[in-house]
Amino acid sequence: MPLFLFLFLVVSKAMQFKMMYHNIKLKVSISLLNNYKFGYNIIIINFQTVPLEQKNVFELPDWLNKFGKRAVCLGECGLDFSTWLCPTSAERDNQREALVYQIELSRRYDLPLNLHSRSAGKPLLTLLKEHNVHGALLHAFDGGKKAIRQGIEDGHYFSIAPSIVRDPSQKLVATTVPLDRLVLESDSPALGPEKGVRNTPLNLPLTVEVMADLLNKTSEEIAHATTQNALKLFPKLQGIINTTMD
């Protein structure tokens, strides 16, 4: 398996909106951790709009104490200000409060952040700056060029999914962000090359091909650069690769 493709089988989608669905996903993750020698994202309730005291984010330290040594990063957390999900300012404040708590956890356990920001690019960057967060991964970033440049200035990385085939916002990220700040992601089963069709990590070579064309690079150059960026952003990946190849 190509190295760049392997790396992003490790970093998988984790966007849960309901407690029940979250707990199911968490049990699946723990089962994988117990049975296979690879790292995995710690999965988090991130966009719930209820007050923080009603969230189960306070359970995260127990999970991190048990699995933190094998966690690659903390996420996918962040802000989602889509009007259908978060129509009021109070609900947006609840999301901010939960994210600040998760930022604190990322520092406590020395884990990089993988961040979501649908319809919330500028608010996310503002919050990260307020809390002195640098070097986070901005997943599927849909902000404009000014916001993208702010993210670059603040030291963040950006991920590109197979949806770059059809998504102008992903093309904008790929052509605005320096190559040494770009990584690949599948975000499967979402963000595939064809809208409404289930995505898989097998579509990542399409991402590489489109990026190579946009940046006037070879596919090999894109694969190598994004792999090195991933290893820098997620240092534990190298140990996982070594363990898996033993």
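See the structure shown above.
A brief structural summary. None of these values were measured; they are calculated from a predicted model. Along each chain, the written sequence defines residue order, and numbers are assigned to residues from 1. Confidence filtering applies because this is a predicted model: local features only for residues at pLDDT of at least 70, side-chain atom pairs given and counted only at 80 or more, and all residues used for totals across whole chains, interfaces and linings. The side-chain values count all of the structure's non-hydrogen atoms but skip hydrogen atoms and water molecules.

**Considerations on the overall build of the protein**
Operational definition: Helix numbering and strand numbering both begin at the N terminus, where a helix is a DSSP run of H or I of at least 4 residues and a strand a DSSP run of E of at least 2. Burial classes: relative accessible area under 20% of the type maximum marks a residue as buried, over 50% as exposed, and values in between as partly exposed (1.4 Å probe, protein chains only). Residues count as neighbours in contact if any of their non-hydrogen atoms are within 4.5 Å of one another.
What the protein contains, in helices and strands, is ten helices and six strands. Within the protein, the fraction of its 246 residues that count as buried is 54%. Within the protein, contacts between residues at least 6 apart in sequence are counted, and of these 68% link residues at least 24 apart.

**Remarks on the side chain of Ser159**
Basically, it comes down to this: N or O atoms within 3.5 Å of each other form a polar contact, as long as, within protein, one can give a hydrogen and the other can take it, and as long as residues adjacent in sequence are counted only when both atoms are side-chain atoms.
Tracing the backbone shows Ser159 in strand β5 (residues 157–160). Residue class for Ser159 comes out buried when judged on its relative accessible area of 1%. In this structure the side chain of Ser159 is engaged in a polar contact, spanning 2.8 Å, whose partner is the side chain of Glu185. Once you skip the residues sitting within four places of it in the chain, Ser159 turns out to touch Leu137, Leu138, His139, Ala140, Gln170, Val183 and Glu185.

**Quick word on the packing of aromatic side chains**
One pair of aromatic rings is described through two measures. These are the centre distance and the angle between the planes. Put simply, the rule reads: Between 30 and 60 degrees the pair is tilted, below 30 it is stacked and above 60 it is edge-to-face, where a pair is any two Phe, Tyr or Trp rings, Trp via its six-membered ring, whose centres lie within 6.5 Å.
For the coordinates displayed, the defined rule picks out one aromatic pair. Ring centres 5.6 Å apart and planes at 85° place the aromatic pair Phe141 and Phe158 in the edge-to-face group. Of this pair, Phe141 sits in the loop between β4 (137–139) and α6 (145–153) while Phe158 sits in strand β5, and the two are 17 residues apart along the sequence. Phe158 matches Phe141 in its accessibility class, with the two residues each being buried.

**A word on helix α9 (residues 219–233)**
As a reminder of what qualifies: Between the first and last residue of a helix there are one fewer steps than residues, each counted as 1.5 Å, and that sum is the expected span.
The first and last C-alpha atoms of α9 sit 21 Å apart over 15 residues, in line with the 21 Å expected at 1.5 Å per residue. Within α9 the residues assigned to the buried category are Ile222, Ala223, Ala225, Thr226, Thr227, Asn229, Ala230, Leu231 and Leu233.

**Topic: the packing of helix α3 (residues 60–67) against helix α4 (residues 89–108)**
The condition that has to hold: Convention adopted: a line fitted to C-alpha atoms gives each axis, helices being fitted over their contacting stretch, and angles between N-to-C directions are expressed from 0 to 180 degrees. Convention used here: angles under 35 degrees read as roughly parallel, angles over 145 as roughly antiparallel, angles from 65 to 115 as roughly perpendicular, and any remaining angle as oblique. Here a crossing is taken to be left-handed if its near helix is turned anticlockwise relative to the far helix by less than a right angle, and right-handed if that turn runs clockwise. Under the convention adopted here, Pro, Cys and the residues Ala, Val, Leu, Ile, Met, Phe, Trp and Tyr are nonpolar, Asp, Glu, Lys and Arg are charged, and Gly plus all remaining residues are polar.
At their nearest, the axes of α3 and α4 sit 11 Å apart, and the two run at 25° to each other. Taken together, the axis directions place α3 and α4 in an arrangement best described as roughly parallel. With respect to the hand of their crossing, α3 and α4 are arranged in right-handed fashion. Taking contact as the criterion, the partners of Leu60, Pro61 and Leu64 in α3 are, on α4, Tyr101, Gln102, Leu105 and Arg108. Residues of the contact of α3 with α4, tallied by class, amount to five nonpolar, one polar and one charged.

**Examining the pattern of salt bridges**
The following threshold applies: Put simply, a salt bridge is a Lys or Arg side-chain nitrogen that is within 4 Å of an Asp or Glu carboxyl oxygen.
All chains considered together, the criterion is met by three salt bridges. With its nearest N and O atoms 2.9 Å apart, the salt bridge here joins Asp80 to Arg118. Highlighted residues: Asp80 in strand β2 (residues 71–80) and Arg118 in strand β3 (residues 113–118), separated in sequence by 38 residues. Its relative accessible area of 0% is what places Asp80 among the buried residues.

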